[in-house]
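# Residue-level structural notes
Spelled out from the first residue to the last, the chains are:
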Amino acid sequence: QVQLVESGGGLVQAGGSLRLSCAASGSTFHINAMGWYRQAPGKQRELDATVSSGGGSNHADSVKGRFTISRDNGKNTVYLQMSNLKTEDPAAYYCPAQYRSSEYGRDYWGKGTQVTVSS
């Protein structure tokens, strides 16, 4: 079992910055990749970025150059540094963790943190 808690969301002006955090607890040893997704009202959940257990990362084209995902394995925490926020970025942001053990594999999700951008 893995528990994920996102934090760091809030209200920011367009052009501003936020740093989201996602803290994992429980059986963190078996966590492989982690990531950040967003879901705006009435839209499907979409991927922003992923980071492997070794730190390798990928970012969606829509956030490249503005968002950076990183990971601190010692703290079992993944971050999303968001800069130059735009009016199209408001959404609930979720942090999934890919759990793989010899017994089973599944993805765990946190409850999300809300980001609002004012123009």
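Refer to the structure presented above.
These figures come from a predicted structure and were not determined experimentally.

### A few points about the side chain of His-59
Relative to the helices and strands, His-59 resides in strand 6 (residues 57–59). A distance of 3.0 Å separates a polar side-chain atom of His-59 from the backbone nitrogen of Ile-69. Residues in contact with His-59, not counting those within four places in the same chain, are Asp-48, Ala-49, Lys-64, Phe-67, Thr-68 and Ile-69.

### Notes on the packing of aromatic side chains
A full pass over the atoms with the stated rule returns 3 aromatic pairs. Their ring planes at 65° and their centres at 5.1 Å tell us that Tyr-37 and Trp-109 sit as a pair that is edge-to-face. Pair noted here: Tyr-37 is in strand 4 (residues 31–39) and Trp-109 is in strand 11 (residues 105–109), with a separation of 72 residues, a long-range link. A relative accessible area of 24% places Tyr-37 in the partly exposed class. Between Tyr-99 and Tyr-104, the aromatic rings sit 5.0 Å apart at their centres with planes inclined by 25°, giving stacked as the arrangement. Above the ring of Tyr-94, the side-chain terminus of Arg-45 is found at 3.9 Å from the ring centroid. Sitting above the plane of the Trp-109 ring, Arg-45 keeps its charged end 4.7 Å from the centroid.

The rules behind the values
- Residues numbered from 1 in each chain as written.
- Predicted model: local features only at pLDDT ≥ 70, side-chain atom pairs only at ≥ 80, totals over all residues.
- Heavy atoms only, no water.
- Helix = DSSP H or I, 4+ residues; strand = E, 2+ residues; numbered from the N terminus.
- Polar contact = N/O pair within 3.5 Å; in protein donor to acceptor, adjacent residues only side chain to side chain.
- Contact = heavy atoms within 4.5 Å.
- Phe/Tyr/Trp six-rings, centres within 6.5 Å; stacked < 30°, edge-to-face > 60°.
- Buried < 20%, exposed > 50% of the residue type's maximum accessible area, 1.4 Å probe, protein only.
- Lys NZ or Arg CZ within 6 Å of the ring centre and 35° of its normal.

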